[in-house]
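Secondary and tertiary structure notes
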Amino acid sequence: MRTQVAIIGAGPAGLMLGRLLDLAGIDNVIIERKSADYVLGRIRAGVLEQGSVDLMERAQVAGRLRAEGLIHHGTDLSFDGDRLRIDFTGLVGKHVTVYGQTEVTRDLMEARQGNTIYEAGNVAIHDFDGNPAVSWERDGVTHRLDCDYIAGCDGYHGVSRASVPQEALTTFERTYPFGWLGILVDKPPVAHELIYAHHERGFALCSQRSNTRSRYYVQVPTDEKVENWSDDRFWDELRLRLNPETAEALQTGPSIEKSIAPLRSFVAEPLRFGKLFLAGDAAHIVPPTGAKGLNLAMSDVAILADAMIELYAEKSAAGIDNYSQRALARIWKAERFSWWMTSLLHTFPETGRFGRRIQRAEFDYLSGSHAAQQVLAENYVGLPA
Ligand code: RFL
Ligand code: PHB
C-alpha cells in the first residue's frame, strides 16, 4: 500500500489533518490503535477558541457546532468564595465556544472520505529519514504502508515521539502533584458560564457540554483512585469548594462518566525529524486549566496542513521547513498561560502559607486591574495564529 501522508492517531489532531488534506486532494491514511467507539468514548476537552471554530468551518464540518455550540462571552473565577467575572467580549472583543471534543471528533469522523484503519496493533514507524513507511498488525496479519511523510498525531503515549532517537529530541517537563477527578452528569449546568474555583481544599471547575449536560472537576492528589470516589463523595467535595450560593444551586445526579487525569506541562523540540512531523499531544501537553490542549492540537495541524499543501501544490518546502518553529512559538505561549492559570488556582502543598498569600494577592490584583484581566482574556480566547 502507498499513500502521500500516513497519519498516526485518529484523535482530533489526526482527523482534522486528514480532513484538510482530503479537501486539498492529498492522499492520506489514518492508522489508529483503538476502535472508533473507544475514541468517541473519551471525555476530554470542552472549550474551543475562535481559531478552532474557524478551522471546523474551513474543514466544512461546522454545521452541528454552529447549531449546538454554546457561545460564552466570559468566565467566572472564584477565590475562597469571592467571585470575579472575566468579560472576554468586553475586554478583548472575542468569545469562546463550548462544544465537546467528543462532538468535534464525531463530526470529523463522519465527514472522513479517506481510509482510516482502526484497531491497528503494534504500529511502527520505519526509515523516517529516507523512505518512510508505517507498519501495523490486524487479525494476525502485518501490513505496511509506504508514504512520502508521516504525521505523528498519536498523543502523549504514542509511538511517533518514542521512535525518534533520544539524542535528536529535547524535552521540557513539569509534573504537578495532583490531577483532576472529572464527572459527567445529565443535569443542567450550575451557571451559564464556567466557574474556575480556588479553595484551600483544592481547585474545582464547573463546566458544561450543553444546557442539559454538565462536567465538573475537583483537584485530587496524583495517587488518588477513582474507585474511592462515590458520586456522593464527589458532590460533597465539590460543594465545599464552591461559594455557598453556587453550592446551593448545584443540581446533582448519577455520573455517566468519572475519571482522573494527571496534570502535566510538557514540550518536545523540535517537531520535525526528516519526514516525520509531530502534532498535538504527541508533541506537547498542557494542564487543562487554560483549556488549551485541543486548541493547540488544532493550530498545529492547521500549520502542518498548509505546509503540506504548499509542498504538493506549489512544490515549496518553505512551510514544512518552518513548521516546527512556527508551531513551537504558539505552543510555548499556551504552555505559559496554562502553567499560570494552574499556579493561580490550585493548592500546592509545598508552597505553604506564603504561596497561598501570593495566590490571593494575584487574585486581588486581577480583581482590581483592567490590564491584568485583559491579559487573561486575551490568552483564554486564544492568541492570534
Ligand atoms: P489524542 O486525543 O490523545 O489522540 C491521539 C490518538 O492516537 C491514538 N494512538 C495511537 N494510534 C496508533 N498507534 C499508536 N501507537 C497510538 N498511540 C495512541 C490514540 O488512541 C488517540 O486516538 O491527541 P490529539 O489528537 O493531539 O488531541 C489532543 C487533545 O485530545 C487534548 O489536548 C485535549 O483533550 C486536552 N484537554 C483540553 N483541551 C482543550 O483545548 N480544552 C479543554 O477544555 C480541555 N480539557 C483536556 C481537557 C484533556 C483532559 N484529559 C483527560 C487529559 C480536560 C481533560 C480532563
Ligand atoms: C471541560 O469542560 O472539560 C473543560 C473546560 C475548561 C477547562 C478544562 C476542561 O479549562
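A short tour of the structure in this document, coming up. Just so it is clear, the model here is predicted, and its values are computed rather than measured.

With that settled, consider the sheet that holds strand β4 (residues 70-72). Sheet architecture is open: three strands sit in the order β3-β7-β4, paired in antiparallel fashion. The open sheet has two free edges, formed respectively by β3 (47-48) and β4, since each of these has just one partner strand. Where β3 and strand β7 (residues 96-98) come together, two bridges link them in antiparallel fashion. Within β7, the position partnered with Leu48 by the bridge is Thr97.

Further remarks concern the packing of helix α10 (residues 293-314) against helix α11 (residues 318-345). Packing of α10 against α11 leaves a shortest axis separation of 9 Å and a crossing angle of 165 degrees. Between α10 and α11, the angle is such that the two are roughly antiparallel. Here α10 and α11 pass one another in a crossing that is right-handed. Residue-level inspection shows Leu296, Ser299, Asp300, Ile303, Leu304, Ala307, Met308, Glu310 and Leu311 of α10 in contact with α11, the latter providing Ala318, Gly319, Ile320, Tyr323, Arg326, Ala327, Arg330, Ile331 and Ala334. Looking at the contact of α10 with α11 residue by residue, the classes come out as 12 nonpolar, two polar and four charged.

Let us now look at empty space enclosed by the protein. Under the definition given, this model contains two cavities of 30 Å³ or more. Roughly 80 Å³ of internal volume is contained in the largest cavity. Every residue along the wall of the largest cavity is listed here: Glu49, Lys292, Asn295, Leu296, Ser299, Arg330, Lys333, Ala334, Asn379, Gly382 and Leu383. Contributing elements (two or more residues each) for the lining of the largest cavity: α10 and α11. Partitioning the lining of the largest cavity into residue classes produces three nonpolar, four polar and four charged. Considering only enclosed or pocket space, the second largest cavity measures out at about 30 Å³ in volume. Contributing to the lining of the second largest cavity are Val47, His72, Gly74, Thr75, Phe88, Val96, Val98, Leu194 and Tyr380. Among the elements of the structure, β5 (74-79) and β7 are those that each provide at least two residues to the lining of the second largest cavity. Residue composition of the lining of the second largest cavity, by class: six nonpolar, three polar and no charged.

Parameters and conventions
- Residues numbered from 1 in each chain as written.
- Chains lettered and ligands numbered in written order.
- Predicted model: local features only at pLDDT ≥ 70, side-chain atom pairs only at ≥ 80, totals over all residues.
- Heavy atoms only, no water.
- Pairing = 2+ DSSP bridges.
- Helix = DSSP H or I, 4+ residues; strand = E, 2+ residues; numbered from the N terminus.
- Axes fitted to C-alpha atoms, helices over the stretch in contact; angles between N-to-C directions.
- Parallel < 35°, antiparallel > 145°, perpendicular 65-115°, else oblique.
- Left-handed = near helix turned anticlockwise from the far one by under 90°.
- Contact = heavy atoms within 4.5 Å.
- Nonpolar A, V, L, I, M, F, W, Y, C, P; charged D, E, K, R; others polar.
- 1 Å grid on protein atoms, 1.4 Å probe; cavity = no way out; pocket = protein on both sides within 12 Å on 5 of 7 lines; lining within 4 Å.
- Points joined across faces, edges and corners; volume = space filled by probe spheres on them.

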